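Residue-level listing of the chains:
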Amino acid sequence: MTSAVLKCCPVDVTVNRSLSTGKLHRVELLLQTKLAPGTLDVLLSKSFLCAPAVGVSNMIAKLAKTCTLRISPDKLNFILSDKLASGGVSMWCELEQENFFSEFQMEGISAANNEIYLELTSENLSRALKTAQNARALKIKLTNKHYPCLTVSIELLSVSSSSRIVTHDIPVKVIPRRLWKDLQEPTVPDSDVSIYLPVLKTMKSVVEKMKNISNHLIIEANLNGELNLKIETELVCVTTHFKDLGNPPLASENASQARNPEQMAEVHIDIRKLLQFLAGQQANPTKAVCNIVNNKIVHFDLLHEDVSLQYFIPALS
Amino acid sequence: MPLLTQQIQDENDYSLVASLDNVRNLSTVLKAIHFREHATCFATKNGIKVTVENAKCVQANAFIQAGIFQEFTVQEESVTFRINLTVLLDCLSIFGSSPMPGTLTALRMCYQGYGYPLMLFLEEGGVVTVCKINTQEPEETLDFDFCSTNVVNKVILQSEGLREAFSELDMTSEVLQITMSPDKPYFRLSTFGNAGSSHLDYPKDSDLMESFHCNQTQVNRSVLNIEVATDDEDTRFLY
């Protein structure tokens with residue numbers, strides 16, 4: 001067994017790997033909170049660091065039943081890319097580890113492929129982290145207990161100032177190197193229209209009601225800051241008009257001159273997929289952009305504080 | 001807002017045009033009678049009556065007086081159409097069933113005439129939703145012939161108390177018996193179930209009694225498995 005310890009500031013990862021079988025035995029990912037224990041300030045700081053992690057895991061649990069967690073030296077990614085299983089929807093969520101953890105240690109399979117890909121059931125992670133809302137310390141390790149697990153150890157402080165540890169073992173599947181190519185960051189398509197989203201709560205209320213009437217929905221927008229949600233059945237047509245939303249500056253000058261600002265780009269999508277995406281957003285994001293490729297795909301690009309989320313819904317065939 | 005002003009210019013010949021500052025004044029009342037998919041709307045210059053019927057034996061009516069609306073115009077003597085009430089309610093509550101405190105959703109309702117769809121314009125916080133609901137041939141609704149001169153007894157109760165009473169009724173009873181009398185027990189709901197008979201009495205000077213006019217004692221029975229819906233307004237019983 002070789003044990004490779006790579007210290008990259010300020011993070012330590014220990015990998016125990018069998019030379020003969022190449023099987024990964026143990027990877028230790030140590031995340032600890034910033035300050036020394038024992039003071040009130042520390043407790044507040046700790047819950048401040050843990051709460052956003054809980055928020056992200058809750059959001060992911062709402063967006064994807066099963067997802068891939070990719071761990072690299074700088075970032076954590078939650079990935080949904082199994083087009084067949086998700087009905088064409090894909091998701092790429094990214095957070096910089098330094099914005100969340102004061103200590104972060106990881107080491108991948110090799111120096112050249114310094115990444116770890118794990119498949120897990122999202123709800124297991126959010127449920128485990130729920131205990132960590134007001135934790136004193138949070139440790140996550142990759143362990144092997146008959147099968148690979150993400151072991152989440154949460155140190156809680158009780159009223160009597162004595163601490164107790166709650167441990168959750170989340171079964172994970174380590175994804176082999178040969179499958180990593182299917183889990184790369186999706187290329188953002190050249191969109192026909194790019195527009196800032198309205199208040200997501202309003203969008204969600206409207207789409208929830210529209211779902212009672214129809215299974216499909218048309219989302220359309222133009223470069224004049226207008227976005228419409230439309231449903232149409234034999235019995236009823238409902239259109240919700242959002243105005244004055246603003247459009248982000250276009251990447252290419254030529255594109256903006258060529259296109260009529262009033263002209264709508266539209267996509268017919270499954271209404272449940274849109275509702276699932278909206279239901280996953282608990283707070284209004286710092287930045288929310290919607291990119292539409294006419295009749296092909298709608299791409300949502302959100303930033304929640306330090307977490308970026310991209311969600312792709314394809315057109316109905 | 002350009003969308004609405006264009007609409008208003010065309011509306012002079014419309015059979016029915018109505019505006020409400022708060023759509024919930026309408027949706028709450030309609031929810032109370034929503035026990036079937038379809039409803040018949042009957043509008044005159046006095047207001048709108050929405051009727052829901054079940055198997056020709058139960059009829060619920062919601063009356064929304066013209067005075068409730070900020071604007072109310074009916075061109076002909078009466079306007080009638082049949083509409084999908086489920087869809088209508090989904091549209092009226094498009095911005096959410098429970099409104100955020102302090103926000104109001106405004107409604108403008110337009111009906112061009114026979115064969116045209118019902119148009120709804122709902123606005124909340126600058127966002128406008130336009131709904132176009134197809135209408136159908138109105139069906140004959142039961143006319144219970146509530147002629148005022150034949151009214152023997154009239155009791156008006158606050159619906160909250162009555163709703164509580166209805167929820168406590170013994171459902172093993174096949175019938176609900178309603179007794180009204182100028183003498184005691186004044187107003188009584190009775191059931192006859194497996195455990196025995198039970199009576200709920202409302203004295204005529206009870207707080208829940210809005211008005212009580214009884215000329216003679218009357219006992220009526222009705223089948224108990226009918227759903228009863230009450231809204232936030234007073235419930236009326238006319239016998």
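Since the structure is predicted, the reported quantities are computational estimates derived from the model, not experimental observations.

Asks: I'd like to hear about the overall build of chain A, residue by residue, with values.
Replies: When helices and strands are tallied, chain A shows six helices and 19 strands. Looking at chain A as a whole, 48% of its 317 residues are labelled buried. Residue pairs at least 24 apart in sequence account for 61% of intrachain contacts in chain A once pairs closer than 6 positions are excluded. Carbon and sulfur atoms provide 51% of the accessible area of chain A, an area that totals close to 15,700 Å².

Asks: Please set out the overall build of chain B residue by residue, giving values where relevant.
Replies: Across its full length, chain B carries four helices and 16 strands. Residues counted as buried form 45% of the 239 residues belonging to chain B. If you take every contact in chain B between residues at least 6 apart in sequence, the share linking residues at least 24 apart comes to 65%. Just so you have it, chain B exposes about 13,000 Å², and 47% of that area is on carbon and sulfur atoms.

Asks: Tell me about the sheet that holds strand β3 (residues 47–54) of chain B, residues and numbers included.
Replies: All names here are of chain B. Pairing is antiparallel in the open sheet, where four strands are placed in the order β4-β3-β2-β6. Each of the sheet's edge strands pairs with one partner strand only, and the pair in question is β4 (58–65) and β6 (79–84). Strand-to-strand, the axes of this sheet are offset by a mean angle of 20°, without reference to chain direction. Across six bridges, strand β2 (residues 38–44) lies against β6 in antiparallel orientation. Its bridge partner lying in β6, A39 is registered against I83. Along the sheet, helix α3 (residues 85–92) makes contact with β2, β3 and β6, crossing β6 at roughly 85°.

Asks: Which residues make up the sheet that holds strand β5 (residues 75–80) of chain A, and what are the values?
Replies: Residues and elements named next belong to chain A. Here nine strands make up an open sheet; going across it, the order is β11-β7-β4-β5-β6-β19-β18-β17-β12 and the pairing antiparallel. Strand pairing shows two members of the sheet lacking a second neighbour, β11 (173–174) and β12 (193–196), which therefore form its edges. In terms of strand pairing, strand β4 (residues 66–71) meets β5 through four bridges, oriented antiparallel. Among the inter-strand pairings, I71 is bridged to a residue of β5, identified as L76. With respect to the sheet, helix α3 (residues 122–130) is in contact with β4, β5 and β7 (116–121), its orientation differing from that of β7 by roughly 85°.

Asks: So what's going on with the interface of chain B and chain A? Which residues, and what values?
Replies: Taken together, the 20 residues of chain B in the interface contact 17 residues of chain A. A combined buried area of about 1,600 Å² lies between chain B and chain A, and 61% of that area is made up of carbon and sulfur atoms. Summed over the shared surface of chain B and chain A, the result is zero salt bridges. For the pair chain B and chain A, the number of links is eight residue pairs in polar contact (both at pLDDT 80 or more). Going through the elements one at a time, α3 and β9 (127–133) of chain B are the ones with two or more residues in the side of chain B that touches chain A. A total of seven residues in the side of chain B that touches chain A trace back to one element, the largest contributor, which is β9(B). Split by residue class, the side of chain B that touches chain A holds eleven nonpolar, seven polar and two charged. Across six bridges, strand β15 (residues 236–242) of chain A lies against β9(B) in antiparallel orientation. Counterpart to V238(A) in the pairing with β9(B) is C131(B).

Asks: Quick rundown of a negative patch on the surface? Include the residues and the values.
Replies: All names here are of chain A. On the surface, a cluster of negative charge is made up of D74, E96, E98, E305 and D306. The topology assignment puts E98 in the loop between β6 (90–96) and β7. E98 gets classed as exposed once you look at its relative accessible area, which sits at 61%.

Asks: Please provide a residue-by-residue account of the packing of helix α4 (residues 200–213) of chain A against helix α6 (residues 271–279) of chain A, values included.
Replies: Residues and elements named next belong to chain A. Contact geometry for α4 and α6: axes closest at 9 Å, N-to-C directions at 145°. Every pair of crossing elements has a handedness; the one defined by α4 and α6 is left-handed. Across the interface between the two elements, L200, M203, K204, V207, E208, M210 and K211 from α4 touch I271, R272, L274, L275, L278 and A279 from α6. Along the lines of polarity and charge, the residues of the contact of α4 with α6 split into nine nonpolar, no polar and four charged.

Asks: Give a detailed account of empty space enclosed by the protein, specifying residues and quantitative values.
Replies: Residue and element names in this part refer to chain B. A full pass over the atoms with the stated rule returns four cavities of 30 Å³ or more. Taken together, L16, L26, L30, C41, I48, V50, F81, L88, M109 and L118 make up the lining of the second largest cavity. Secondary structure elements with two or more residues in the lining of the second largest cavity: α2 (24–32) and β3. In the lining of the second largest cavity, the residues fall into ten nonpolar, no polar and no charged.

Asks: Which residues make up α3(A), and what values go with them?
Replies: Of the residues making up α3(A), those classed as buried are S122(A), L125(A), S126(A), A128(A) and L129(A). One side of α3(A) carries all its buried residues, which in axial view fall inside an arc of 160°.

What counts, and at which threshold
- Residues numbered from 1 in each chain as written.
- Chains lettered and ligands numbered in written order.
- Predicted model: local features only at pLDDT ≥ 70, side-chain atom pairs only at ≥ 80, totals over all residues.
- Heavy atoms only, no water.
- Helix = DSSP H or I, 4+ residues; strand = E, 2+ residues; numbered from the N terminus.
- Buried < 20%, exposed > 50% of the residue type's maximum accessible area, 1.4 Å probe, protein only.
- Contact = heavy atoms within 4.5 Å.
- Areas by Shrake-Rupley, 256 points an atom, 1.4 Å probe, with all protein chains shown as cover.
- Pairing = 2+ DSSP bridges.
- Axes fitted to C-alpha atoms, helices over the stretch in contact; angles between N-to-C directions.
- Buried area = accessible area lost by both parts, 1.4 Å probe.
- Salt bridge = Lys/Arg side-chain N within 4 Å of Asp/Glu carboxyl O.
- Polar contact = N/O pair within 3.5 Å; in protein donor to acceptor, adjacent residues only side chain to side chain.
- Nonpolar A, V, L, I, M, F, W, Y, C, P; charged D, E, K, R; others polar.
- Patch = residues over 30% accessible without salt bridge, like charges linked within 9 Å, V, L, I, M, F, W, Y side chains within 5 Å.
- Lys, Arg positive; Asp, Glu negative; His and termini not counted.
- Charge placed at Lys NZ, Arg CZ, Asp CG, Glu CD.
- Left-handed = near helix turned anticlockwise from the far one by under 90°.
- 1 Å grid on protein atoms, 1.4 Å probe; cavity = no way out; pocket = protein on both sides within 12 Å on 5 of 7 lines; lining within 4 Å.
- Points joined across faces, edges and corners; volume = space filled by probe spheres on them.
- Arc of directions from axis to C-beta.

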